[in-house]
Every structure is written in C-alpha cells, then in structure tokens.
Amino acid sequence: MSSLPPSRVGSPAPNGPFLQFPKPFLHPNVSRLRSFTPKGSPAPSTGLPHAQPINSFSPSPSHFSEISRTSSPSTGHNGVLIGQEREVFRWSSLRSAGSHLYNQKPNASSVLGDPITGAPMVLTVNGFICVGTDKGRIFVFDFKQTLKCICGSDSSGSTVGPVSAIALSNDHTFVASGHTTGYIQLFNLKNPEVAARIVTPVTLAAVTSGRQEGHLLGSRIINISFVAGRHTAVVTADEHGLSFYHSLGKVLFVEASDTIRIFGNYHGEDTPEASISSHPADPLSQQNALDRPSFRRRRRTRNTVLAMSTLPLGPLPHSTDAYQIVTLLTPTKLVVVGLKPTPKTWLKIMRDEEQLSSPSYRRRGCLAWFPSVQDSSTEKSEKTVSMKDPKSGKQSRRPPTHPVLSYSWGSHVYLLRVYEQKTKQTVSNTRTGKTNEVEVGALVFEEVGKWMMDDAVLAIQWLNFNQLAIFTASALSIYDVHGMKMVEAVRFDSSSLLSPSLGSTGNGSISYSESVRDIAHSIRTYKGKLFLLGRQELFVGTLLSWADRILSFVEQGDFLSAIDLTRTYYTGEAPGNRNGLPDDPEERQTVIAQKTHDLMVASSRYAFSEDRMTDGTHASLDGRGVDRTSLFEDLVATCARACIALDDFDFLFEELFQQYDNAGIHRMFLHQLEPFVLDGSIALVPPRITQRLVALHEEDGRPDLAERIIWHIEPSCLDINQAINLCRTHQLWDALVYVYTRALRDYVSPIIEFIALIRSLQQNPTPTDTVVKNAYKIYSYLATVLCGQIYPSQEPMEPDEASFAKRDVYSFVFCGHSTTWPAEGGNLVLTSNESGMEPTYPYVRLLLRFDAESFLHCLDIAFEDSYLHESSDMSRLMIVRILLDIRSSEDLSPSDATFMNIFIARNVPKYPYLIEVAPSVLHNILTALATQPEVEMREDRQLAAEYLLSAYTPHDGDRLLQLFEDAGFYRILRSRYRHERRWGPLLTAFLHDPELHPSEIFSGLDEVIASSARDNKKQVPGDVINILATSLDQLLQADVLATASLLDKHAPQLHERALESPPMSADRDQFVYLNHLVPDSEYDQYSPTPSSPTHINGRLRHRFIRLQCRFAPSGVMDVLKRLQDGMDWPTALSICEEAGAYDAVIWALNYRGQPREALSKADVFEKRLTLDLARTLASPAPGSTDSVNKCLNDLQTIGRRGISVCMEHSSSSSPAEVPLEDIWYQLLGSQIHTVQTVSACCSTGKGSDAGLEGEVLSTLRAIVQETFASLVSVSSTQAVSFPRLFKRLVDPAIHSGMTGIPYTEFRAILTGMLESYRTDGDMLIISKHLIDRDVFDSVELYAKEKMRGWAPSCGVCSSCGRTLLASQADVESVQIRLSRTGTIYHLRCSTSDS
C-alpha cells in the first residue's frame, strides 16, 4: 500500500509546520488524485513486513544425525534420502550352500573316488532350493542351507548331460530335470541316486515313421514344469519350439510313459526324410542333422518357445485348477492350452508387428503365474467381521483371488487374469431321448494392465500378489500391480547371473550376446524373497519394508533420520514401496503416528540421558572431544517437522521444550523453532514460549527480529504487555498496530499512537527519516482498515470485524471535537499544543496539514467500499461536507486546497445520487481549479475540471472559457469548441497545447479542417487558412512531411509560402518536402497515400526537378513520368541538361516520339563528354581519376539509354515509321567516334597513366560491344542489313575529319560481332537439344499412358448399335461398361439384355 518517493516539498502554509518534511507515503506516480502515471522509475518500498523476504532464518536441514555412533544417509527437508542410493533390497549370500556348488577343484578325495558334481547351471526354489549342474547332478538344500541330497550319479550324468531346466513338484517330493541332450529325468527325493523315470530322446527316423513322439536327440530342454499336483506328469519345451506333455506312469510295474505333442512341428515334417537322415540308427548323424544351419536357424526363427509354464496350485483351491493350464510364449504369439478335461487351446494372442521391428527385442520374452490366494482385503475384513455359516456354524470361506499371468515381449509387460465362467447348456441323451441342463465351464481371460519398461525384460517373478520383480540388463524394478506404477528401481548387472545356454554358443545355435542375457533360470522367488544364482555365489534378497528401513536407522542409532523417514511415510512423500502398511489412509496414518511419537520420545530421552554423555560419541582422535551442538539443533527441527505433519504439538512444546529448559539450552530450542513460526508452519505457540522467544531477541538487541515474531504468530499466543512495551520502546510501529488490532481488536489506539508521533514532529524541526517514515504509516493503516483489510498483511477481515473496525475509525477520525479513548476511563486525545485551542474536526485537520494528498488518497480508496452505502453513522456526503467546512476556514496551504478541490471534483460525478453539493459550491471549486497557480499540477486540475463538468453545467460559460484558456486547459477548450463548431479557436487549441504529441496535433488539425470544410460548402474557411498560414513555422518545426501532407490536402496554395519560410531555408529540406508530394516516391517513407501532383504548380515542379537532379539524379526519369501531365517539357529538359541528367533528356525526347532527336542529343552529349575525357587524359592532374570515372559512367548511361531507344523501335509492330538502320547507324557511329577519339588521344603518349588509359579504352569498347550484341538480337529483321551497316561504318567519308582510319578499332569491333553470333549459335543448338529431349520424354509418356487399360473394339454400343456419346454434354450423364475382350456397352443396354 505504501511506498517511499523522493523528497517532495509543497508550498508554505499559514500554519502548517509539517510541509518542510519529506512525504514518503505517496508519490505522484501512485496517487489516485493525479491525472496520469508517469513512466518514471518506481519508488522504493518502505518495507512492509509482509513483503519482506525472510532468507536468514530457514530451517537447518538435518545433515548427519549425531545421535548415531556412525554416519547415516542424510535427509533433506522433505525427508527423502539423499547423498547415496537408498537401500531397497537387503542381500545375503548363502555361503554354506555355495560351498558345495562353487570352487570345486580336483583334489585327493576326487582321486580316491569322490564324485565331482560340476558347476551350477539352473535354479528352482519351492520348499527346497534345487540347483542343477553341468554334470547332470541336482543339489537339494533346505532353507537352513543343509544339503538334503544330490540327485543322479556319475554314470547317469555322463549320459544325460548338463541340466538345462529344473522343476520341483507341488508337494516338494519329486524333482524333474531337463538336459541339453534332450533327456528328461524324474527323481524321488526319498531315493535320489536313481531316477524314478527317464524319458529318452527319440530319433528323427522314429518320428517320421510315426512310431514315437518326443524331443529329438541333442535338443536342449529349455523349460520343464509339473502339471498341477501330479508327480509323474510334466510339460517340457525345447530350443526348437517343440513342447510335449509326458505322463510317466507304470502298468503292472512296467513303465508306460505317454508323450503328447502340444505345440510345434518337427523339421522332418517340412522336408523330405532322406535329406536329413541317411543313417537313422546312427546317433551321430542325428546330432549332425540338428546342428546344420538349415535345421536350427530356419525353424528357430519361426517356432522358438521363449517361455513355458503351467499354472501352479495355490494355497486355496480354484476352479481353474481342474483345467491343468499350460502357457507357451513364442516371438509372435501367446498360447494358453488346457489339458483337461480334453486338450484345448483356450487363448491365442498375436504380437504387434511394430514390436517385431526391433531385432534386439524380437527374441526377448518371459512369463510368470501367480496362483490363487486369499485376498488381503478379505483377510482384513474377516478379522473385523465374523461371518459364519448359519447351518454348519463354521466360518464361511470367502472366494479366493483369480490367478494372474504376467508375460512380456521385448520391453512391453502385460497382465492377464483368468477365471472360470459357467453357463447352462441343454444336452440330449441319444439312448433315451431326454434332455438335461448341465453347467459347462469356460475359461475367461481379462487384460488387467500393461506398461513398457526402458529396456528389454529378461525375467519376471512375482514377489507377492501385488508386486512384480522385473529384470532388465541394467536394472531390477519392482512394479506395483494394484497402483499400476513402479515403486522401486535399483541398478543391477544381469551379466553377473548364470546362463544355461552359454554352452550352446559354440555350435552357432545361439549367439553369445543373446545367451548372456538368458538369465530367467537363475532367478526365482519364494515367499517374498528373491533367490539369484550368480557366477560366484548363490544369494537371497529381501525387499525392505517401511519398518525395515526405519529399523535400520534405529539400529545404527540414527534416530533423526528415522523420524524424518517416518514422517515422509505419514505424509505420503516417502519413496519406494509401502509393504507392511495398511491400504486405508486413515489406518496407515494411525499406525505411523504412534511410531513417530515413540521415536521422538526415544530420541529426546537418549539425547538428554546420562548414558549418552559417557558413551563413545564424544570421543575424538585428538582427545579434545566432539561438539554436539548440531545434535540438539537438529533434534528440534526434526521433531518440529514431525509434529507439523501429525498436527500434534504437545510433545514439542511440553516434553521436549522442558528438557531443553532443564538443560539450560532453551535458546537453542527457540532459535530452531523460529523459522517454523516465520513461515507459518507453526502458528499456535504457548504464550510462555512466545514470551521467551520475544525476550530472546530483545536481550540480543535485535528488536526487528522480535517484531517479525509478533507479526507471524497468532495474536492469542502473545504476551500483550510485553509486546506493546517492546514496540513502544523500539518504535516498532507495524508490530504495535498488529498487537492492537489483532490481539485487542482496538482499531483506534494505533491512530492515537500515530497522532502522538505526528505531534512530536511539531516540536522537533529536524526529525530523522525513520521517524518521518513511521509517521506516514498512519495513511497506509487508514487505507488498509477502511477497505476491510488487516494491517500490514492486507488480508481480508471477516465481515463483522470489518464493519466494527470501519465504524470505530470513521467515528474517531471525523469526530467534530477532541475525544477520549478508550471511551471509559481514557485520556483526551489532543492535536495542538497544550496552550492552543482545539479546532473543529481536529483529527482530520491534523492529517490534512501533515499531508493532504496522502489523506485524500486514502479517502478516495475508502469511497469505493460498500460500507458507506449501508452505514447510518457515516456517508460520503458527510465526509464531503466536513472537507468543505475545513476548506472554508482557509487555514490550508494552496497545494492542500488544490488537492481537496481535486478530490471533491472527481468524486461528485462518481456518486451523483450520494453526494449532492450546491451548484454555487461546485462553481467555486471549478473556478478555483482554473485559477490556482501550481503549474506542475495543471494536468491534474484539468482532469478534475473535466470530471466536474460532466456533472455540472456552469451558467457563465464564456468567462470560464477564458479562465480555462489562461490556465491552459486546452483539452476542455477543444471539447467545448468542437461542441460549438468554432473551428478557428479549435484549431488554435490544438496548436497551443504543449502536452500533445506532433502526431496528435496533425491528426487533430486534419479532422478540424475537414469538418470546417463540410460546414462551408466543401471549402476551407478563410480564418482557418489564415491560422494555418500564421502557424507554418510551428508546424514545419514539428514535422515537415506531416505539414506537407496537411497543406496539400487542405491548402495547397500555401506550399510556396511554406517553402519560403525560415524552417525550409535548406535545399535538402525543400527536396524532402516536395518529394513527399509526388506519389510513389522512393524517398517518401511517411505518407502511404500521397496526393496527386496536380496540386503542384509549374514553378514548384521545375524546382523539384532541379532539386531531384541534385540530390537523387537516378530518379529523375521516374519524376518526369509522374509529372508529365501539364509539364513544360523544354524548360524541364533544359534543367536536366544543365544538371547533367543526360539519360533523362534522351528518354524524354524518345518518350515524346522523337527518337532521332533523342539519338542526336546522345551524340551531342557523347561528343561533349569525349572532349572532356580527352582533355583530362591529355593533361592529367590531381583528382583527374574521379573526373575520368564520372565521364565514363555518363557515357555508359548514355550508351545504354541509346540502346534501349533502338531496341524499343526495333521490336515495335510498325518499324517502317522509324528507319531502324539509320538509328542503329547513328548510335554506333557516335560510339565508334568516341572510341576513335580517345584512342587517338591515348596513342599520342602525352598522358602519364597508361593503366588508366587502358581502363578507359576497354570500357568504351565494351559499350560498343554491348550495342552490337543488342543489334545481333534483332538483326533477323529485314529492316537492318548487317553488311550494309558495317560498310557505312567503315566508309572513309565519315572519318574525313581525322588524319587516318583506325582500322584496328574496326577489327576489334568485327571480332566482337562474330563472337556474338557464335555465342547465339551455341545457345540455339543447346536449346534445340533440350527441346528435343523434352518432346521425346513427353511422347514416350503419352504412348505408355495410351497403352494402359482396356481398349474398346469400336466406338458404338455392341447392343443397340448407337454412338456411345451422342454429344459432349453426355460425358457426365451416360454410363458405359467395358469388358476385357474389348466389347463396350451402354450400361442401360447391358442391364436390359441380362
């Protein structure tokens, strides 16, 4: 509201002692009583407290908690861990199990017969940890890392080869393994040495003969999985895209295995059998056939199985378990097969073609099932609501969740939910003929989500029902399925895991870059833990929950980081997962709030405990101890942020502050609390702490900081007496006002305090700037309160409080006499010295004398408030009458009286029905505005007079007009004269107004003169012309071009007078003036539509041509064209010839139909210039080069102009009117004469500059050459004979005046002519070739287009025999049918025939 301007001193007043002081409240730039806002620099701010930046008291971040014995990651202000990567997983190495799997080397025991079990290859975890090795063995560990058994033996391992896939049955009793050779083994863990079942690979011959089905020998098994809960039913898939179902049962103690192919084709089915099997019984030939690129790579590209899995059984039964679902993923499609009740393909999803465009992503795919489980929300509801079956009395089981399939192609991940939907179908019995309704089930697949990762997905595993672990080449991400967002992402190197296909890179079946990323068999999850089979160790990882993270800080002793992290979980700002927290926000906050409170209590007790004073946290290497100040500072800030989030401050202000107070470090607590008070985070502070906080800064000698505390704290929390005494002692006026108004609801006492300060200025003639600024705050306070706002924040008050404040302020300020405050038991508030008499309305008079403009500015703002509409105690009319009463006492300074007149004059028209003032009073105000002497306020007074005249019409208008003219109120005068249609005085008002811009003056004059002409029969009145004539000097000094346009439009007879005036004494100015009057002038940049040159008389035209030749000779011809109407051509040509504008003279003669005269003039000019050039070359002098260059330029200009004349007549339609050969001969003869003359002069050797002479001759010869080139272009006409013309040129008769004929010049000329002919001939040949090529291409294209389509055999209808198109008009309406045989019909004829 307030601003500090530069010092401004008003005129002295009879009894105004304040006008000697600078006035910092208002500046003319911002006062509402001023007429406009100048563009000066803004005034500096007085620094209202609400606008001051608070930079020096920001909360100190808890960088490193000193409660812990070791450093912990820092927490920023929002509690998010920074400084290092946040811990997401906690990894542990299974060293005991790893000791059996890694670093196996031949030793003495192996020599004595102990087996070497090989290096690990694949992993599965489900009740046991099973690891397959490259020696065909399987290690089985429990979760205590105890080795339960090793499946297989040395003899079987050498036969079946390395393990490439492994699976554990649902009841953890059987292990199935697939091998790189195609073998499949099934082990009973009760007897692990010998396989319970073995499926041997088949030969290609057996397959092609139809005797057997199965994996071919040498086909690497890439997936194996048990079917449902069975022990002897497995599904397998190999690297060639074949998948089989194996039922490994026994009949009468004899193995009776059954193998069914469920996906893929054999290579032998596509090619002749003999091509791949010459020796069917030879295993080596079978392996060679598989290793051939024609087998591997051709089939692999189309049918490779990327992943395969059966739906596992969950802890709860589900209707989909009966279907024994098998899922297969290939590079192009996802296939879901049900084995029961009959094998059936239930779903097939094709991959988008766009995803197949990337080679790196094309062969990447994986899948994972999550079985049916009990829904967490169901479990929670069962805890709170007991649901029992009324018949059995048992707890009713809620339906389980549906199984969910997650699969990926490249970087795209998809989710499918599967469930059974039963429908009733009618089935008829063929034997009895009866029909029954039976329920038939069908699987339904529902897509529940999809998203895209940054890189290709290498593996997918379910951590729990709601979270997926997704592995890419460089990252491990945890994806929240319920919220469809990524909650965790950590860096991860996929190359650190084992790949079972690395052994296949040697034979070329798979590249190394693809194999190293084949890590899906090295990753498994079980009960929320992640098991990874690495190259050097086997390790397990646990995803940290919110409690784990907090506990990790607590275990390190870093309580502050634990509190900050807990707070971020409470506010929802914490990064990462929310595992372990309730989904309901209210329940989650309840749990976290209690944890936060416990942590704060534990932290404070530990910080102030005696044990901490004796522990190792105070020890340092130098034995001097460690400063623990930051520990206690950060504890306050951390607990304050936590209490703000919890909205519970009992711990902060009761328990924690008491501990700091008891320890004697309460100042530290207060310093850390202050930033939260200043930024508004903590508004309610107990008064006992507020009192200590204010006293803290008072003791430090910083009352300004104490004032800021008072501003920002809730008033009910203040110690009123302490705050008021502090503010009075240290002159903290803003804070004092805040205490009075917000804490005491007293809006008058601040005014009384300011009045006392203003009265003190009467007794102190040299006050400080600070005192004056503080005194001026009364106006800012009044303006703020009377608008219903809080001072100094300018926030709106409540309506009832605003009415109360306005009523008290109006009643006190506009009281007619001195009054007491408070009303009961208060003191009398005086405005004059004790010996002086109190005037009427003492407080208004005091504020007006101190600064009338500032006070009236406040009232102007208050007048816009609706309170004065509704209040019965105060109104705008009452305030105006009070001001008029004070004005009549004549104890105000002239400037104060002027501001009061301006205020009344501007507000009476704004509120015409609310402020009714007598006409005599308004007339006096209007007269005073016009007669007051302040020149710097003339515009303000004029604007106020305009306002007043809009609501009041004076009776003595002529007298007021004279006063307005004396006062310089030209805007009012213009309005009045325009209304009365007094054009002469109106014109004078425009000319005499110093505030108008020249553009405004000329636009106004144009409008006035046009209006005056309309009233005077389209003639400009004589008085207007006279005023223009007497004001020419002023107009020309303002803008020459605008004056020229104005005179040419309305008074062209004044042009000559304007050019003779003193401002136009310079020839350049006259040229600009006249040039502006000529249309389409290149020098006229101001008038887009100049007038017709007919307004310019002959004398002005000749003057303009002379000036044009002088200042812009290149535009003389354009000027002659535009001024040709009414031109005195002989005089104009004489002027041009005198000025050396030779080309303009030649053009003008030719333009007037005298081409021979034009060429004769050219001959004369050339001879004159040739003579000057020869003289200069014969007797060179300093500066002669410029003269030579000027002569050459003129000769070139004349030559080109002559060529244009000849060319114009050579191309005309009637060349017989002008003898073409004569004009060409005349032109060439004069040019050759020039060359011969200059050449003869140069051959004498009198000149001293041979280089200059050579340049001159080459230029002149180029002119002749250019002329001949132009002649050649028209020499095809019969009127010009080149031999005859050449003969005339070399005729000795024309050189009679010369001593000899310079045939060397003619030789050069002839050579040039021949070169011109040769050049033209070459151009014609090139053009002919180009045209021929274009014609050939066009004809060829036409022939091709003509041959397209079906050609009809004839042009008549084959049915009716009539012409197809009777007329051209039938093209759009007639429909025709053409067959490929060439038969053509009318469509109507072919239809009728059919």
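Parameters at a glance
Position numbers for residues count from 1 along each chain, tracking the sequence in the order it is written. In keeping with the predicted nature of the model, local features appear solely for residues at pLDDT of at least 70, side-chain atom pairs appear and are counted solely at 80 or more, and the whole-chain, interface and lining totals rest on all residues. The side-chain values count all of the structure's non-hydrogen atoms but skip hydrogen atoms and water molecules. The secondary structure listing takes helices from DSSP runs of H or I that are at least 4 residues long and strands from runs of E that are at least 2 residues long, numbered from the N terminus. The classification of residues rests on relative accessible area computed with a 1.4 Å probe and restricted to protein chains. Under 20% of the type maximum is buried, over 50% is exposed, and intermediate values are partly exposed. Throughout, disulfides are identified as pairs of cysteine sulfur atoms within 2.5 Å of each other. For every element, the axis is a line fit to its C-alpha atoms; helices are fit only across the contacting stretch, and the angle between N-to-C directions ranges from 0 to 180 degrees. Orientation categories follow fixed angle ranges, with anything under 35 degrees roughly parallel, anything over 145 roughly antiparallel, 65 to 115 roughly perpendicular, and all other angles oblique. In this scheme, a crossing is called left-handed if the near helix is turned counterclockwise away from the far one by less than a right angle; it is called right-handed if the turn is clockwise. Two residues form a contact once any of their heavy atoms are found within 4.5 Å. Ten residues, namely Ala, Val, Leu, Ile, Met, Phe, Trp, Tyr, Cys and Pro, are considered nonpolar, four, namely Asp, Glu, Lys and Arg, are considered charged, and the remaining ones, Gly among them, are considered polar. DSSP calls a pair of strands paired once it identifies at least 2 bridges connecting them. Values of pLDDT, which run from 0 to 100, indicate the predictor's confidence residue by residue. Multiply 1.5 Å by the residue count of a helix minus one, and that product is the helix's expected span. The angle separating two fitted axes, one through the seven residues that finish at a residue and one through the seven that start at it, defines the bend at that residue.

Caption draft 1: A look at the environment of A637. Locating A637 in the fold gives a position in helix α14 (residues 629–646). By relative accessible area, which is 1% here, A637 ends up buried. Taking C-alpha positions, A637 is 9.3 Å from P675, a pair spaced 38 residues apart along the chain.

Caption draft 2: The state of the cysteines, seen in detail. A full pass over the atoms with the stated rule returns 0 disulfides. Not engaged in a disulfide, the cysteine C151 finds its nearest cysteine sulfur in C149; these two sulfurs lie 4.2 Å apart. Looking at C151, the relative accessible area reads 0%, which means it is buried.

Caption draft 3: Spotlight on the packing of helix α28 (residues 919–931) against helix α29 (residues 938–949). Between α28 and α29, the least distance of the axes is 9 Å, while the angle of their chain directions is 155 degrees. Compared by their axis directions, α28 and α29 come out roughly antiparallel. The crossing of α28 and α29 is left-handed. Listed contacts from α29 to L922, I925, L926, L929 and A930 of α28 are R941, A944, A945, L948 and L949. Looking at the contact of α28 with α29 residue by residue, the classes come out as 9 nonpolar, no polar and 1 charged.

Caption draft 4: Local environment of the pairing of strand β9 (residues 174–179). The buried count for β9 comes to 6 of 6 residues, which makes it a mostly enclosed element. Note that strand β8 (residues 163–168) and β9 share 5 bridges and pair antiparallel. In the sheet register, A167 faces β9, and the bridge partner there is A176. With antiparallel pairing between neighbouring strands as the criterion, β8 and β9 make up a hairpin whose turn holds 5 residues, including H172 at a positive phi of roughly 65 degrees. Sheet analysis places β9 next to strand β10 (residues 184–188), joined by 5 bridges and oriented antiparallel. Considered in β10, the bridge of G178 is made with I184.

Caption draft 5: A look at the confidence of the model for the protein chain. Per-chain confidence: the protein chain averages 78 in pLDDT, with 81% of residues scoring 70 or above. A low-confidence stretch, residues 378–387 stays under pLDDT 50, and its non-local contacts, those more than four residues away or across chains, total 13 contacts. Note that pLDDT drops below 50 for residues 618–626; the model gives that stretch 9 contacts with residues more than four away or on any other chain.

Caption draft 6: How the structure looks around helix α21 (residues 749–763). Taking 1.5 Å of rise per residue, 15 residues should cover 21 Å, and α21 covers 22 Å from first to last C-alpha, within 8% of that figure. Taken together, the buried positions of α21 are occupied by S749, P750, I751, I752, E753, F754, I755, L757, I758 and L761. Those residues of α21 that are buried are in contact with α19 (720–730), α20 (733–743), α22 (769–786), α23 (799–813), β31 (820–821) and α24 (842–863).

Caption draft 7: Fine view of α24. An ideal rise of 1.5 Å per residue puts 32 Å on 22 residues; α24 reaches only 21 Å between its terminal C-alpha atoms. The axis of α24 is deflected most strongly, by about 125 degrees, at D851. Taken across its 22 residues, α24 has 22 buried, putting it largely inside the fold.

Caption draft 8: View of the pairing of strand β29 (residues 529–533). When you tally the buried positions in β29, you get 4 out of 5 residues, the bulk of the element. Across 4 bridges, strand β28 (residues 523–526) lies against β29 in antiparallel orientation. Bridge pairing links Y526 to K529 in β29. In this structure, the hairpin formed by β28 and β29 is closed by a connection of 2 residues, where K527 is found at a positive phi of approximately 55 degrees. Bridge analysis of β29 against strand β30 (residues 538–543) gives 5 bridges, and the strand direction is antiparallel. Paired with L530 across the two strands is G541, which belongs to β30.

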